[in-house]
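Residue-level structural notes
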Amino acid sequence: MTTETTADTSTAADSSVATSIATSIALTDVAAAKVAALLSQEGRDDLYLRVAVQPGGCSGLRYQLYFDDRNQDGDVTREFGAVKVVVDKMSDPYLMGATIDFVDTIEKQGFTIDNPNAGGSCACGDSFN
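Since we're looking at a predicted model, the values are computed, not measured.

Re the overall build of the protein chain
Looking only at helices and strands, the protein chain features two helices and nine strands. Counting from the amino terminus, the protein chain carries its helices and strands in the arrangement β-β-α-β-β-β-β-α-β-β-β. Sorting the 129 residues of the protein chain into buried and exposed places 42% on the buried side. Sequence-distant contacts in the protein chain: of pairs separated by 6 or more residues, those separated by 24 or more amount to 56%.

Have a look at this one:
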């Protein structure tokens, strides 16, 4: 099941998956390049992409992607080139095997999350269970 989170950003490239452990979250090369470009625009080198699962949405759980500079107890950090992705210990089990990609087509633009742990999603694709 694919659950999408969109952002008003642009850039397209090869969508091959960056090397990572098969049981962890993965970031495609395209998504890593987009995150690196957004971080460059911020002008800060101390930020990383935090991915979290929070209660909410019509299906029960919602993804949150944002830049963060805080470290929390139990954070799991994975590196994809120059990009660091951090997942809190509560969200990590929900994101095992998930792949974050960035799409830029005429139909949609933004980050998408393909999560094999999602049992279903709402009609708008904004939340999952």
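Don't stop here, the text continues.
Structural notes on the side chain of R78
Inspection of the secondary structure puts R78 in strand 5 (residues 76-80). Of the residues examined, R78 reaches a relative accessible area of 14% and is grouped as buried. Engagement of the side chain of R78 in a polar contact is seen with the side chain of S24, the distance being 3.3 Å. A polar contact is formed between the side chain of R78 and the side chain of D92, at a distance of 3.4 Å.

Points about the environment of D68
With respect to the helices and strands, D68 occurs in strand 4 (residues 61-68). Leaving out residues up to four positions away in the same chain, D68 has contacts with D46, L47, Y48 and R50. Side-chain polar atoms of D68 contact the side chain of R50, separated by 2.6 Å. Separated by 3.1 Å, the side chain of D68 and the backbone nitrogen of R70 make a polar contact.

Section: the confidence of the model for the protein chain
Residues of the protein chain with pLDDT of at least 70 account for 71%, and the chain-wide mean is 78. Confidence, read as mean pLDDT per element, is least for strand 1 (residues 2-4) in the protein chain (43) and greatest for strand 2 (residues 26-27) (94). Ignoring residues within four places in sequence, the model shows residues 1-22, a span with pLDDT below 50, making 68 contacts including any to other chains.

A look at the pairing of strand 5
Here five bridges tie strand 5 to strand 6 (residues 83-87), and the two strands are oriented antiparallel to one another. Within the sheet, the bridge partner assigned to E79 lies in strand 6 and is K84. Connecting strand 5 to the next strand, strand 6, in antiparallel fashion are two residues, including G81 with a positive phi near 65 degrees.

Considering the nonpolar core
If you look at the biggest cluster of nonpolar residues, it comprises 24 residues, and the most contacted ones within it are I25, L27, V51, V85, L95, I100 and F111. If you tally residues by element for this core, the top one is helix 1 (residues 29-42), at six residues. If near-sequence neighbours (up to four positions away) are discounted, V85 is found in contact with I25, L27, L49, V51, V76, T77, R78 and F80.

Some remarks on the pairing of strand 6
With four of its five residues buried, strand 6 lies for the most part within the structure. Across three bridges, strand 3 (residues 48-55) lies against strand 6 in parallel orientation. Bridge pairing in strand 6 links R50 to V86.

A word on the environment of F102
Structurally, F102 can be placed in strand 7 (residues 99-104). The exposure class of F102 is buried, given its relative accessible area of 3%. Through-space distance from the C-alpha of F102 to that of A33 is 9.1 Å; in sequence the pair is 69 residues apart.

Here is what the cut-offs are and how they apply
- Residues numbered from 1 in each chain as written.
- Predicted model: local features only at pLDDT ≥ 70, side-chain atom pairs only at ≥ 80, totals over all residues.
- Heavy atoms only, no water.
- Helix = DSSP H or I, 4+ residues; strand = E, 2+ residues; numbered from the N terminus.
- Buried < 20%, exposed > 50% of the residue type's maximum accessible area, 1.4 Å probe, protein only.
- Contact = heavy atoms within 4.5 Å.
- Polar contact = N/O pair within 3.5 Å; in protein donor to acceptor, adjacent residues only side chain to side chain.
- pLDDT = per-residue confidence, 0-100.
- Pairing = 2+ DSSP bridges.
- Core = buried A, V, L, I, M, F, W, Y, C linked by side-chain atoms within 4.5 Å.

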